[in-house]
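One-letter residues, chain by chain:
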Amino acid sequence: MQPDPASPAPVGLFNGEAVVLWRLRRDAGWVRCFVAEWPAAFWLGVECAGGELLASETLPSIEAVLSHSASVRTALLREGWRED
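Residues numbered from 1 in each chain as written. Predicted model: local features only at pLDDT ≥ 70, side-chain atom pairs only at ≥ 80, totals over all residues. Heavy atoms only, no water.

**Comments concerning the overall build of the protein chain**
Stated precisely, the cut-off is as follows: Put simply, DSSP marks the helices as runs of H or I at least four residues long and the strands as runs of E at least two long, and each gets a number from the N terminus on. Only protein chains enter the accessibility calculation, which uses a 1.4 Å probe; a residue whose area is less than 20% of its type maximum is buried, one above 50% is exposed, and one in between is partly exposed. Contacts are residue-level and defined by heavy atoms, with any inter-residue pair within 4.5 Å sufficient.
For the protein chain, the helix and strand inventory stands at one helix and five strands. Reading the protein chain from its N end, one meets helices and strands in the order β-β-β-β-α-β. Each of the 84 residues in the protein chain was classed as buried or not, and the buried ones make up 30%. Once local pairs closer than 6 in sequence are excluded, the contacts in the protein chain between residues at least 24 apart make up 38%.

Here it is as structure tokens:
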């Protein structure tokens, strides 16, 4: 039987939990970037205060996640967002 692809991996780096990598704030709003481990991949998400996903991507390694996350964070900082 295949594992359910709609749920995080129960074991691994994060023990099935999503981990927040960073939070940024601008005016009254905020965004946060998080990662969850999936079977054979990692899911990177960026969401706003209302829970809406601004970005969602599946990446093959934690290194790819960290690199892409840093690129997104840098772009948002250039747009005027600041560290939370």
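**Some words on the pairing of strand E1 (residues 19–26)**
To keep things clear, this is the line we draw: Paired strands, as defined in this entry, are two strands with at least two bridges between them according to DSSP.
Relative to strand E2 (residues 29–38), E1 runs antiparallel, the two sharing seven bridges. Its bridge partner lying in E2, valine 19 is registered against valine 35. Here E1 runs beside strand E5 (residues 82–83); their pairing, made up of two bridges, is antiparallel. Following the sheet pairing, leucine 24 is matched in E5 by glutamate 83.

**Describing the packing of aromatic side chains**
Formally: Only Phe, Tyr and Trp rings are paired, with Trp represented by its six-membered ring, and only when their centres lie within 6.5 Å; those with planes under 30 degrees apart are stacked, over 60 edge-to-face, the remainder tilted.
The final tally for this structure, using the stated rule, is two aromatic pairs. Look at phenylalanine 34 and tryptophan 43: their rings are 5.2 Å apart centre to centre, the planes differ by 75°, and that puts the pair in the edge-to-face class. Using a relative accessible area of 9% as the deciding quantity, one classes phenylalanine 34 as buried. Ring plane angle 70° and centroid distance 5.9 Å describe the contact between tryptophan 38 and tryptophan 43, whose orientation is recorded as edge-to-face. One exposure class covers both tryptophan 38 and tryptophan 43, and it is buried. An aromatic cluster is present here, built from Phe34, Trp38 and Trp43 joined pairwise through their rings.

**So, unusual backbone geometry**
Even without being a glycine, aspartate 27 presents a positive backbone phi close to 55°. If you trace the backbone, aspartate 27 turns up in the loop between E1 and E2. Judged by its relative accessible area of 68%, aspartate 27 is exposed.

**Structural notes on the sheet that holds E1**
Stated precisely, the cut-off is as follows: Every axis in this analysis is a line fitted to C-alpha atoms, fitted for helices over the stretch in contact. Angles between the N-to-C directions lie between 0 and 180 degrees.
With antiparallel pairing, five strands are arranged side by side in an open sheet as E4-E3-E2-E1-E5. With partners counted over all chains shown, the strands left at the sheet margins are strand E4 (53–59) and E5, one partner each. Relative to the sheet, helix H1 (residues 62–78) contacts E1, E2, strand E3 (41–48), E4 and E5, its axis offset from that of E1 by approximately 5°.

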